[in-house]
Amino acid sequence: MSEPFSRFLHPFDVARHPSLEPEVKRALLASWASDRSAVRNRPALRKPPGVRRAVPVDDVLAAPRSLDGGEARAP
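Residues numbered from 1 in each chain as written. Predicted model: local features only at pLDDT ≥ 70, side-chain atom pairs only at ≥ 80, totals over all residues. Heavy atoms only, no water.

Thoughts on the nonpolar core
Where we set the bar: Joining through side-chain atoms within 4.5 Å is the link that ties buried Ala, Val, Leu, Ile, Met, Phe, Trp, Tyr and Cys residues into a set, and such a set is a nonpolar core. Exposed residues in this analysis have more than 50% of their type's maximum accessible area, buried residues have under 20%, and partly exposed residues fall in between, with area computed by a 1.4 Å probe over protein chains only. The way it works is that DSSP assigns letters per residue, a run of H or I at least four long becomes a helix, a run of E at least two long becomes a strand, and they are numbered from the N terminus. By the convention used here, residues are in contact when the closest approach between their heavy atoms is within 4.5 Å.
Grouped together as the largest cluster of nonpolar side chains are 13 residues, with contacts concentrated most on Phe 8, Val 14, Leu 20, Leu 28, Trp 32 and Ala 63. Of all the secondary-structure elements, those providing two or more residues to this core are helix 1 (11-15), helix 2 (22-33) and helix 3 (57-67). Filtering out sequence-adjacent residues up to four positions away, Val 14 remains in contact with Phe 8, Leu 20, Lys 25, Leu 28, Leu 29 and Trp 32.

Section: the sheet that holds strand 2 (residues 42-46)
Threshold: DSSP bridges decide pairing: two strands pair if at least two such bridges lie between them.
Pairing in this open sheet of 3 strands is antiparallel, and the strands run 1-2-3 from one edge to the other. With one partner strand each, in any of the chains shown, strand 1 (38-39) and strand 3 (55-56) form the two edges of the open sheet. Strand direction decides the pairing type here: strand 2 and strand 3, joined by 2 bridges, are antiparallel. Across the sheet, residue Arg 46 finds its bridge partner in strand 3, namely Val 55.

As C-alpha cells, this is what we get:
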C-alpha cells in the first residue's frame, strides 16, 4: 500500500477492519501514533499522509487497546 492511511478516516476504522491481520493493524496504528504523523504545533493531534483530517492522539492510542479487548471508547 503506497498510502495505507488514505483508506481510513479514523484509527478505529483500522482496528475494526474485518480483513486486516492483527499485525497489519498494529503496524498501521503504530505509524499513525508516530511523531512523524504529529501535526505541527499541535502535538496532541496526528495526521498521517493521505488522511483528510487530524485525530486526537488519544484515539490513536486507544485503537490498539481495543484489539487486545481492553476498554477503549470509540468515537
